[in-house]
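Here is what each chain is made of, one letter per residue.
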Number of protein chains: 2
Amino acid sequence: MAYQYATLKVNGKRLNETLQSTCTSWGALPNSTGMRRLALTQEDKHVRDWIVEECKALGCEVKVDQMGNIFAIRPGTEKGRKPIAMGSHLDTQPAGGRYDGILGVQSALEVLRVLHENNIQTRCPVALIDWTNEEGARYPGAMMGSGVWSRTTSMETCYKTIDAEGVTVEAALEDIGYLGKTPCDYRENGLESYFELHIEQGPKLELAKKSVGVVTAVQGMRWFVVRVAGVEGHAGTAPMDARSDAMVTAARLIAAVKDTATSTGLGVATVGVVTNDTQAQSTIPSGVEFIIDARCSTDQMVDDLCTAMFKTFDDIVKKEDNKTSYHIVRSYGVPEAVFHTDCIESVRASAIAEVGEEKIMEMKSGAGHDAAWASKVGKSSMIFVVSKNGLSHNPNEYTSPEDCELGAQVLLQSVLRYDEGVKSGSILPYKSKI
Amino acid sequence: MAYQYATLKVNGKRLNETLQSTCTSWGALPNSTGMRRLALTQEDKHVRDWIVEECKALGCEVKVDQMGNIFAIRPGTEKGRKPIAMGSHLDTQPAGGRYDGILGVQSALEVLRVLHENNIQTRCPVALIDWTNEEGARYPGAMMGSGVWSRTTSMETCYKTIDAEGVTVEAALEDIGYLGKTPCDYRENGLESYFELHIEQGPKLELAKKSVGVVTAVQGMRWFVVRVAGVEGHAGTAPMDARSDAMVTAARLIAAVKDTATSTGLGVATVGVVTNDTQAQSTIPSGVEFIIDARCSTDQMVDDLCTAMFKTFDDIVKKEDNKTSYHIVRSYGVPEAVFHTDCIESVRASAIAEVGEEKIMEMKSGAGHDAAWASKVGKSSMIFVVSKNGLSHNPNEYTSPEDCELGAQVLLQSVLRYDEGVKSGSILPYKSKI
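In the annotation of an unreviewed UniProt entry, the entry for chain A reads L-N-carbamoylase, and the organism field reads Hyphodiscus hymeniophilus.

Here it is as structure tokens:
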């Protein structure tokens, strides 16, 4: 039997109206299209409540797990099958945009709406997932919900994590009514496969004049906390050559992070957070801490980049000869994730059918995503659409209505093609690599 | 008539006990001899209330002016004379020590106690002054109280200045009961002269094995706020060569502040405060602000240092070629201050009498002090004693009990010698340089 849903279309107008109106209602920054919808806040609660109701109205069963991850499941025809899932996250950075994460969840809702109104019968159930705290902005530890679900992150540790006001994740989940009872564990609440539509968050598609990214992997990522220790002193009286100034040393190291990433060409490295213990105008800083975010295509390249960076650090501290010292703590890491052929090929076929071979680009994701954790315990892959000027984590983040629609359309088709593969027997159950 | 008080001594034990016990009671940091007694907080209120009561018990009239500056005045024998004042400040840095400022006020109290118990009759009144917000730590704008009193700073602007919680100086003064009615104006609440005992806050006396600094001037100082503007972006997806990273540029400029001060040898320059607008681990910083504190012996040298520094900034930003930009706002400045011969010679004679010529050192102050503002509108000078290891603005700041006693003794003698000069006619009234 030939593939029967080739002409089925998402409703782009409805998708874009839904995306914009829910952003305007819950978490919009004033005077811009920027968003501040931090995980587990009231803004997050409101949009969660809304999407749960929408999914129920479409006949979905809604489960909330112990980390607040939402699974809205539309039944399939074959008993005992796990869902083909589509998902992303509804939380944002403190000053983020309307597309990072949000597009993936709203497009999943649009797919459910299309399946519902066309009475499509899939063999596998089809699910929408909203993962908790993907951004790691309010609570450190990005991709927290999917990390626990894939058993790569400890739920107990996450529960105790606090925000700037000292509120724990567990208390925040309870407070907004999303401390669910479904086990947060892929072994007890598993998936057939997982597809995530996301904006690229980089400029590659746009620069190459391509429309759809067929994502085959997520690059490896590591975060390090670097603490430089000096000696506090008076800015007016300590001679320059008698100082042990933690800020000056930290400044040289921060510059070296960029210079090493650039000169080695191994990947990208960023210092996004700097804190100064003393923070007084006439005090020589005694302690400065900063966080390095390093990412490369492979774990080996991340290792090589970090080794080169820390060697440069040693040279700088030795040369500075101002008695400052530093130490490094690895705070977070996500190994490179390789997506599954069954999912990648479903996406590729769907993207080619929509825009043609010449408009697609096979690529790796520079950013971490919930799909990276999902790929550790099952089949998954991602679809990228264009980010204007490559901007993300920025109120000016923008993806055109046409590109949003295109992404949702490829998502719809990828899910249906995958289900077709299950029906035809060309797609076999997942075999764990572990 | 020969000088009659040469053998009069302060009570070093009492001075040191008073200094330590009041620090322990109001503002002590846990597990150290560090202090956190921010201006106009409850800790500041308690120590103010205490010193007001102590001065009243010694027969002083206490006036509080519109900026909360405390003037405790012991009457003299000649009607119409203005006071010979001794003072400093009781507030500290967020993590400061027990001597910076506090020693000067507590020694002034010890002098009043000695005059009182020995029934010394001075021709001029003798006053203790506690100046408000010398540190500029809770409220930006160091030497705020003396700045307004000397009419070099606007009281209206100071009243509106806010702390990190948005509380204004005026509200904080009212809250702790120190929004006084005495005009904060040297023309209406004037002094005959002003002496300030202070710790050196630098290593020069100790390195030269000297005991007392006879301070002849205060070096010029300027503060600049530098803002670097870049473009926010995603740390995982933006290629290194397509970034406009404000943190990297700021890091290079901060290093250049140190390098320019060192290479020109003109003075000292410090970056004590850095803030990052975005402060998120996976976001390329779009805006970073830092504050430069530059000080040299003369105003001309400050100008020359800043010119050299900003030229280097231009070169760096041009070379960086990452589309970041910067702009500089001069936020604060204190011109070099030259002390008055009458006061300097009173200090010199007193210091020589105590420790001998070979143990004194004529020096300029690297730090700003209330005495710098007082010198703009009247006669003033300072006495320095040893800071162990030159440390200050640091919980480990330390001056030995013997050096504290020595400083107070030189202060007592300087005041009495100055008064003697007034009696003998060798010291004439102040003539304004303006």
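(A) Representation of the overall build of chain A in the model. For chain A, the helix and strand inventory stands at 12 helices and 15 strands. In terms of overall dimensions, chain A is globule-like: its C-alpha atoms have a radius of gyration of 23 Å, near the 22 Å expected for 434 residues. In terms of its C-alpha atoms, chain A occupies a principal-axis envelope of roughly 80 × 45 × 45 Å. Taken across its 434 residues, chain A has 63% of its residues classed as buried. Total accessible area on chain A is roughly 15,800 Å²; 51% of this is exposed by carbon and sulfur atoms. Across chain A, the mean location of the 45 positive side-chain charges is 3 Å away from that of the 56 negative side-chain charges.

(B) A look at the relation of the copies chain A and chain B. With an axial shift of 0.3 Å and an RMSD of 0.3 Å, the rotation relating chain A to chain B amounts to 180°. Expressed as a symmetry operation, the mapping of one chain copy onto the other fits a two-fold axis. Within chain A, the C-alpha atom positioned nearest to the axis of rotation is that of A251 of chain A, 2.2 Å from it. A symmetric contact is evident, with 100% of the interface residues of chain A recurring at the interface of chain B.

(C) Quick peek at the pattern of salt bridges. All names here are of chain A. Using the criterion set out here, one finds 48 salt bridges over all chains in the structure. The closest approach of N and O atoms between R295 and D293, which form a salt bridge, is 2.8 Å. Take R295: its relative accessible area is 2%, and that puts it in the buried class.

(D) Highlighting the interface of chain A and chain B. At the junction of the two partners, chain A supplies 58 residues and chain B supplies 58 residues. Counting the surface lost from both chain A and chain B, the interface buries some 4,900 Å², and carbon and sulfur atoms represent 56% of this. Put simply, D259 of chain A and R252 of chain B hold a salt bridge, and the shortest N to O gap is 2.7 Å. Run the count over chain A and chain B and you get 23 residue pairs in polar contact (both at pLDDT 80 or more). Taken together, the elements giving at least two residues each to the side of chain A that touches chain B come down to β8 (233–234), α8 (246–264), β9 (267–276), β10 (283–284) and β11 (287–296) of chain A. Residues that form the side of chain A that touches chain B fall into these classes: 26 nonpolar, 22 polar and 10 charged.

(E) Summary view of the sheet that holds β11 of chain A. Residues and elements named next belong to chain A. Ordered in space as β9-β11-β7-β12, the four strands form an open sheet in which the pairing is antiparallel. Both outer strands of the open sheet, β9 and β12 (325–334), are each paired with one neighbouring strand and no more. Between one strand axis and the next, the sheet turns through 20° on average, direction left out of account. Relative to β12, strand β7 (residues 220–229) runs antiparallel, the two being bridged by nine bridges. Paired with V225 across the two strands is V329, which belongs to β12. Across the sheet, α8 lies against β7, β9, β11 and β12, angled at about 165° from β9, the strand it touches most.

(F) How the structure looks around the sheet that holds strand β7 (residues 220–229) of chain B. Residue and element names in this part refer to chain B. What the four strands build is an open sheet, ordered β9-β11-β7-β12; its pairing is antiparallel. Edge positions in the sheet fall to β9 (267–276) and β12 (325–334), since each of these pairs with one other strand and no more. Adjacent strand axes in the sheet meet at a mean angle of 20° when their direction is disregarded.

(G) Expanded view of the side chain of S193 of chain B. Residue and element names in this part refer to chain B. Note that S193 resides in strand β5 (residues 193–199). Judged by its relative accessible area of 1%, S193 falls in the buried class. Those residues in contact with S193 that lie beyond four places of it in its chain are P83, I84, A85, C343, K379 and Y418.

(H) Broad picture of the packing of aromatic side chains. Within the structure shown, the criterion is met by 24 aromatic pairs over all chains. Their ring planes at 65° and their centres at 6.1 Å tell us that W149 of chain B and Y186 of chain B sit as a pair that is edge-to-face. In this pair, W149 of chain B is assigned in helix α4 (residues 144–149) and Y186 of chain B in the loop between α6 (169–175) and β5, connecting sequence segments 37 residues apart. Three or more aromatic residues link up through ring pairs in this structure, and these residues are F71, W131, W149, Y186 and Y194 of chain A.

(I) Representation of helix α9 (residues 299–320) of chain A. Residues and elements named next belong to chain A. Here α9 is 22 residues long and its end C-alpha atoms lie 31 Å apart, about the 32 Å a rise of 1.5 Å per residue gives. Taken together, the buried positions of α9 are occupied by V302, L305, C306, M309, F310, F313, I316, V317 and E320. Taken end-on, α9 shows its buried residues confined to a sector of 125°, consistent with a single buried face. Relative to its buried face, α9 has exposed residues pointing more than 90 degrees away, namely T307, K311, K318 and K319.

(J) Seen up close, the packing of helix α3 (residues 102–117) of chain B against helix α12 (residues 401–424) of chain B. All names here are of chain B. Packing of α3 against α12 leaves a shortest axis separation of 9 Å and a crossing angle of 60°. As the angle between them shows, α3 and α12 are arranged oblique. Between α3 and α12 lies a crossing whose hand is right-handed. Of α12, the residues touching α3 (which contributes L103, G104, S107, A108, V111, V114 and L115) are C404, A408, L411, L412 and L416.

(K) The domain arrangement of chain A, seen in detail. Residues and elements named next belong to chain A. Parsing chain A into structural domains produces domain 1 (12–219 + 336–424) and domain 2 (220–334). Computed over C-alpha atoms, the centres of domain 1 and domain 2 are 34 Å apart. Listed per partner, the contact involves 11 residues of domain 1 and 12 residues of domain 2. Here domain 1 and domain 2 share an interface that buries about 910 Å² over both sides, 54% of which is from carbon and sulfur atoms. Between the two partners, domain 1 and domain 2, sit zero salt bridges. If you look at where domain 1 meets domain 2, you find two residue pairs in polar contact (both at pLDDT 80 or more). Looking at the side of domain 1 that touches domain 2 residue by residue, the class counts come to five nonpolar, four polar and two charged.

(L) Expanded view of the pairing of strand β11 (residues 287–296) of chain B. Residue and element names in this part refer to chain B. A large share of β11 lies buried, amounting to nine of its 10 residues. In the sheet, β7 pairs with β11 via 10 bridges, with the strands oriented antiparallel. By the bridge assignment for β11, A229 is matched with G287. Here nine bridges tie β9 to β11, and the two strands are oriented antiparallel to one another. Within β11, the residue paired with G267 across the bridge is C296.

(M) How the structure looks around helix α10 (residues 341–355) of chain A. Residues and elements named next belong to chain A. For α10, with 15 residues, the first-to-last C-alpha span of 21 Å sits near the 21 Å given by 1.5 Å per residue. If you follow the buried residues of α10, they end up packed against β5 (193–199), β6 (212–218), β14 (360–365), β15 (380–385) and α12 (401–424). Just downstream of α10 lies G356, where phi reads positive at about 90°.

(N) Region of interest: unusual backbone geometry. A positive phi angle, near 65°, is found at L40 of chain A, a position not held by glycine. Even without a glycine there, the phi angle at N133 of chain B is positive, about 50°. Structurally, the position occupied by N133 of chain B is in the loop between β4 (126–130) and α4.

(O) Representation of the UniProt feature "domain: Peptidase M20 dimerisation" (unreviewed entry) in chain A. If you check UniProt for "domain: Peptidase M20 dimerisation" (unreviewed entry), the listed places come out as residues 217–317 of chain A in our numbering. Taken end to end, residues 217–317 of chain A is 38% helix and 36% strand, and its first and last C-alpha atoms sit 37 Å apart.

Procedures and definitions
Chains are numbered independently. Their residues run from 1 in the order of the written sequence. Chain letters start at A and ligand numbers start at 1, both assigned in the order the entries are written. Residues qualify for local features only when their pLDDT is at least 70, as the model is predicted, and side-chain atom pairs are given and counted only at 80 or more; totals for whole chains, interfaces and linings, by contrast, use all residues. Computation of side-chain values covers all heavy atoms of the structure but excludes hydrogens and water. Strands are runs of DSSP state E lasting at least two residues, helices are runs of H or I lasting at least four, and both sets are numbered from the N terminus onward. We take the radius of gyration over the C-alpha atoms and set the globule estimate at 2.2 Å times the residue count to the 0.38 power. Relative accessibility decides the category of a residue: with a 1.4 Å probe and only protein chains considered, values under 20% of the type maximum give buried, values over 50% give exposed, and everything between is partly exposed. Computed with the Shrake-Rupley method and a 1.4 Å probe, the accessible areas treat only the protein chains shown as cover for residues. Counted charges follow a simple rule, with Lys and Arg positive, Asp and Glu negative, and His plus the chain ends left uncounted. The atoms used to mark charge sites are NZ of Lys, CZ of Arg, CG of Asp and CD of Glu. Only residues with pLDDT of at least 70 in both copies contribute their C-alpha atoms to the least-squares superposition of the copies. Residues are treated as being in contact if the distance between any of their heavy atoms lies within 4.5 Å. One side-chain nitrogen of Lys or Arg within 4 Å of one carboxyl oxygen of Asp or Glu is enough to make a salt bridge. Here's the idea: put two parts together, see how much 1.4 Å probe accessible area each one loses, and the total over both is what we call buried area. Under this definition, polar contacts are N or O atom pairs within 3.5 Å; protein pairs additionally need one hydrogen-donor-capable and one acceptor-capable atom, and for neighbouring residues in sequence, both atoms have to be side-chain atoms. Classes in brief: Ala, Val, Leu, Ile, Met, Phe, Trp, Tyr, Cys and Pro nonpolar; Asp, Glu, Lys and Arg charged; the others, Gly included, polar. Two strands qualify as a pair provided DSSP detects at least 2 bridges between them. Here an axis means a line fitted to C-alpha atoms, over the contact stretch when the element is a helix, while the angle between two N-to-C directions is reported on a 0 to 180 degree scale. Aromatic contacts are taken between Phe, Tyr and Trp rings whose centres are within 6.5 Å, Trp giving its six-membered ring; a plane angle under 30 degrees counts as stacked, one over 60 as edge-to-face, and the others as tilted. By definition here, a helix of n residues has an expected span of 1.5 Å times n minus one. Of all possible arcs, the one meant is that of the directions from the helix axis to the C-beta atoms. By definition in this entry, angles of less than 35 degrees are roughly parallel, angles greater than 145 are roughly antiparallel, angles of 65 to 115 are roughly perpendicular, and the rest are oblique. Note: crossing handedness is left-handed where the near helix turns anticlockwise from the far helix by less than a right angle, and right-handed where it turns clockwise. The domain boundaries here were taken from an automatic or database domain assignment. UniProt positions are given in the numbering used here, feature names are shortened, and annotations may be inferred rather than shown by experiment.

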